[in-house]
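The chain contents come next:
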Amino acid sequence: MSYFDAASAAPLHPVARQALMASLDEGWADPARLYKEGRRARLLLDAAREAAAEGVGCRPDELVFTPSGTTAVHSGIAGALAGRRRTGRHLIVSAVEHSSVLHAAEVHRDGGGTVTEVPVDRTGAVRPSEFAGALRPDTALACLQSANHEVGTLQPVAEAAEACRAAGVPLLVDAAQSLGWGPVEGAWSLLAASAHKWGGPSGVGLLAVRKGVRFAPQGPRDERESGRVPGFENLPAIVAAAASLRAVRAEAAQEAARLRELTDRIRARVPELVPDVEVVGDPERRLPGVVTFSCLYVDGETVLHELDREGFSVSSGSSCTSSTLTPSHVLKAMGVLSEGNVRVSLPPGTKTEDVERFLDVLPGVVAGVREKLGAPVSRTEAVTEEREEALVVDALGRRCPIPVIELAKVIGDVPVGGLVRVLADDEAARLDIPAWCEMRGQEYVGEQPADRGAAYVVRRLS
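Counting of residues starts from 1 at the beginning of each chain's written sequence and follows it residue by residue. Local features in this predicted model are restricted to residues whose pLDDT is 70 or higher, and side-chain atom pairs enter the listing and the counts only when it is 80 or higher, whereas totals over whole chains, interfaces and linings include all residues. Side-chain descriptors were evaluated using all non-hydrogen atoms of the structure, hydrogens and water having been removed beforehand.

The name given to the protein chain in an unreviewed UniProt entry is Cysteine desulfurase/sulfurtransferase TusA family protein, with Streptomyces cellulosae as the source organism. The UniProt entry for the protein chain carries this comment under Sequence similarities (unreviewed entry): "Belongs to the class-V pyridoxal-phosphate-dependent aminotransferase family. NifS/IscS subfamily." UniProt positions are given in the numbering used here, feature names are shortened, and annotations may be inferred rather than shown by experiment. Per its UniProt entry, the protein chain bears the Cofactor (unreviewed entry) comment "pyridoxal 5'-phosphate".

In structure tokens:
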């Protein structure tokens, strides 16, 4: 079995396993106590904090451990907003942030605050000028991820941090996806991360708050973790998280170069092997081991199941995965195809032969799914028959990717310059039909009202 979903959770690093087992014997006592066992536990906790702070690039007394990366994000946003409530209640986030950030923004909005979502370009990156333009006198906090979790695009954190610094606004960086590869550049104010993303154990997050940042922890106070995180520390997991961060950093430069070669091969070969595929995300400014592509005329869930049968564990941001019936907010914000989305995220140590086998298997998997769905075979012949009115395709009541498949079947039946109206009530069609037009060189005219759903109008250009 080839595990290609490291962006969700990286396999436990051998150093993490060793540190975890050792600290189960040595670090079980309460580090707040003064007797021998407590002092021993405290030494382990302090050493772990120093190691983690070195990896983050902050002072040890600026960093606390949390029960998860999500907790770190929620605590960081809530504490920073509360600490600057006299400034205002305006929050800035990018449109492609992790759901933990967007959920916190929803809570803030429901509580009477205001939120600005900064859009991204087609590669998934915010424009520094637009991020800076969202800053206002009442902005209490801005949030920007270091790298996107679905497509791997790196964000311009240093530029955003400089704009925030000039405006006197703290910037919180969700560094979950990138911290294992290196520290986050720029003058950020708060940083959150999660150990299971870099090969540490699950259930350990990091929250760093720079000295001088106004911060008011929310909820009942506790004497532990500087009063920011209540409850007894999971010391064995914390020790393993810090040890594995140091270990992966020591291997990062060499492993990043190797994984980048593998993902470059996937990015280049997939469009050659599989017709009607869009590789998404920035081709250069991206994480080393992540490559994401979307296939026309297939649903993501079926592709993932078929790849699993072939021995490959991958994930999807598709609108048709079992976990959601709505398009991925990341793909939607980028304006790219959402159907048939596949994210390959290679863990350190991935073998070249496993990637080659994936490339051998993928074309047959996609072709098989397309055949079952009755998808059209790519064709280039022109049809000269003229029509006076738009050809209507009724795809009401049918979920992705069927509306796009039906459109592709008939586009050749209208003359160049002719129109096709696709009737659909699936929300994904609003994203996927324009994306199909861009991929296939056709013109998306726009959306029109219909008795049910909407009518998506396409003009044949070629």
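Here the narrative resumes.
Caption draft 1: Spotlight on the overall build of the protein chain. To qualify as a helix, a DSSP run of H or I must reach at least 4 residues; to qualify as a strand, a run of E must reach at least 2; elements of each kind are numbered from the N terminus. Check the secondary structure of the protein chain and you find twelve helices and 16 strands. For the radius of gyration, the atoms used are the C-alpha atoms, and the globule rule reads 2.2 Å times the number of residues raised to 0.38. Relative to the compact-globule value of 23 Å for 462 residues, the protein chain shows a C-alpha radius of gyration of 24 Å, a close match. Considered along the principal axes of its C-alpha atoms, the protein chain spans approximately 90 × 55 × 35 Å. Throughout this description, buried means an accessible area under 20% of the type-specific maximum (1.4 Å probe, protein chains only), exposed means over 50%, and partly exposed covers the range between. Taken across its 462 residues, the protein chain has 54% of its residues classed as buried. Partitioning the contacts of the protein chain with sequence separation of at least 6, the portion at a separation of at least 24 is 72%. The method behind every accessible area is Shrake-Rupley, applied with a 1.4 Å probe, and residues are considered shielded solely by the protein chains displayed. Summed over all atoms, the accessible surface of the protein chain reaches about 19800 Å², with 50% contributed by carbon and sulfur. Under this rule, positive means Lys or Arg and negative means Asp or Glu; His and the chain ends count for nothing. Charged groups are reduced to one reference atom each: NZ for lysine, CZ for arginine, CG for aspartic acid, CD for glutamic acid. One finds the centroid of the 51 positive side-chain charges in the protein chain at a distance of 7 Å from the centroid of its 62 negative side-chain charges. Every residue pair with non-hydrogen atoms within 4.5 Å of one another is taken to be in contact.

Caption draft 2: Highlighting the packing of helix 3 (residues 69–83) against helix 4 (residues 99–110). Where helix 3 contacts helix 4, the two axes come as close as 9 Å, and the packing angle between them is 35°. Here helix 3 and helix 4 pass one another in a crossing that is right-handed. Taking contact as the criterion, the partners of Thr-70, Val-73, His-74, Ile-77 and Leu-81 in helix 3 are, on helix 4, Ser-100, Val-101, Ala-104 and His-108. When its residues are assigned to classes, the contact of helix 3 with helix 4 shows five nonpolar, four polar and no charged. Each axis is a line fitted through C-alpha atoms, taken for helices only over the stretch in contact, and angles between the N-to-C directions span 0 to 180 degrees. Helix crossings get a hand from a simple test, with the near helix turned counterclockwise from the far one by less than a right angle marking a left-handed crossing and a clockwise turn marking a right-handed one. In this classification, the charged set is Asp, Glu, Lys and Arg, the nonpolar set is Ala, Val, Leu, Ile, Met, Phe, Trp, Tyr, Cys and Pro, and all remaining amino acids, among them Gly, are polar.

Caption draft 3: Geometry of the environment of Arg-59. You can see Arg-59 is positioned in the loop between helix 2 (36–56) and strand 2 (63–66). A C-alpha to C-alpha distance of 9.2 Å links Arg-59 and Arg-49, two positions ten residues apart in sequence. If we skip the residues at most four places from it in the chain, Arg-59 touches Ala-53 and Lys-211. As used in this structure description, the phrase polar contact means that two N or O atoms lie within 3.5 Å; if the pair is within protein, one of them must be able to donate a hydrogen and the other to accept it, and residues adjacent in sequence are counted only when both atoms belong to side chains. Here the side chain of Arg-59 touches Asp-61 through a polar contact of 2.7 Å, side chain to side chain.

Caption draft 4: How the structure looks around the side chain of Glu-278. Residue position: Glu-278 is located in strand 9 (residues 277–280). The class for Glu-278 is buried, based on a relative accessible area of 12%. Only 2.6 Å separates the side chain of Glu-278 from the side chain of Arg-122, close enough to count as a polar contact. A distance of 3.4 Å separates a polar atom in the side chain of Glu-278 from the backbone nitrogen of Leu-337. Sequence-distant contacts of Glu-278, that is, excluding residues within four places in its chain, are made with Arg-122, Thr-292, Phe-293, Ser-294, Val-336, Leu-337 and Met-439.

Caption draft 5: Broad picture of the sheet that holds strand 13 (residues 391–394). We call two strands paired when DSSP finds no fewer than two bridges between them. Read across the sheet, four strands follow the order 13-14-16-15 without closing on themselves; strand pairing throughout is mixed. At either margin of the open sheet sits one strand with a lone partner, and together these are strand 13 and strand 15 (443–449). Ignoring strand direction, the axes of neighbouring strands in this sheet form an average angle of 20°. In the sheet, strand 14 (residues 419–424) pairs with strand 16 (residues 454–459) via six bridges, with the strands oriented antiparallel. In the strand pairing of strand 16, Ala-424 is matched with Ala-454. Those strands touched by helix 11 (residues 402–410) are strand 13, strand 14 and strand 16, and its axis lies near 160° from that of strand 14. Where helix 12 (residues 429–440) meets the sheet, it contacts strand 14, strand 15 and strand 16, and its direction lies at approximately 5° from that of strand 16.

Caption draft 6: Summary view of the packing of helix 8 (residues 300–309) against helix 10 (residues 352–373). Between helix 8 and helix 10, the least distance of the axes is 10 Å, while the angle of their chain directions is 135°. On the basis of their axis angle, the class for helix 8 and helix 10 is oblique. In this structure, helix 8 crosses over helix 10, and the sense of that crossing is right-handed. Touching Thr-302, Val-303, Glu-306 and Leu-307 of helix 8 are Phe-358, Val-361, Leu-362, Val-365, Val-369 and Lys-372, all from helix 10. For the contact of helix 8 with helix 10, a count of residues per class yields seven nonpolar, one polar and two charged. When describing relative orientation, an angle under 35 degrees is termed roughly parallel and one over 145 degrees roughly antiparallel, while 65 to 115 degrees is termed roughly perpendicular and anything else oblique.

Caption draft 7: Inspection of the environment of Gly-88 at higher detail. Assignment of secondary structure puts Gly-88 in the loop between helix 3 and strand 3 (90–94). Gly-88 sits in the buried class, given a relative accessible area of 12%. With residues near it in sequence (within four places) discarded, Gly-88 still touches Asp-138 and Ala-140.

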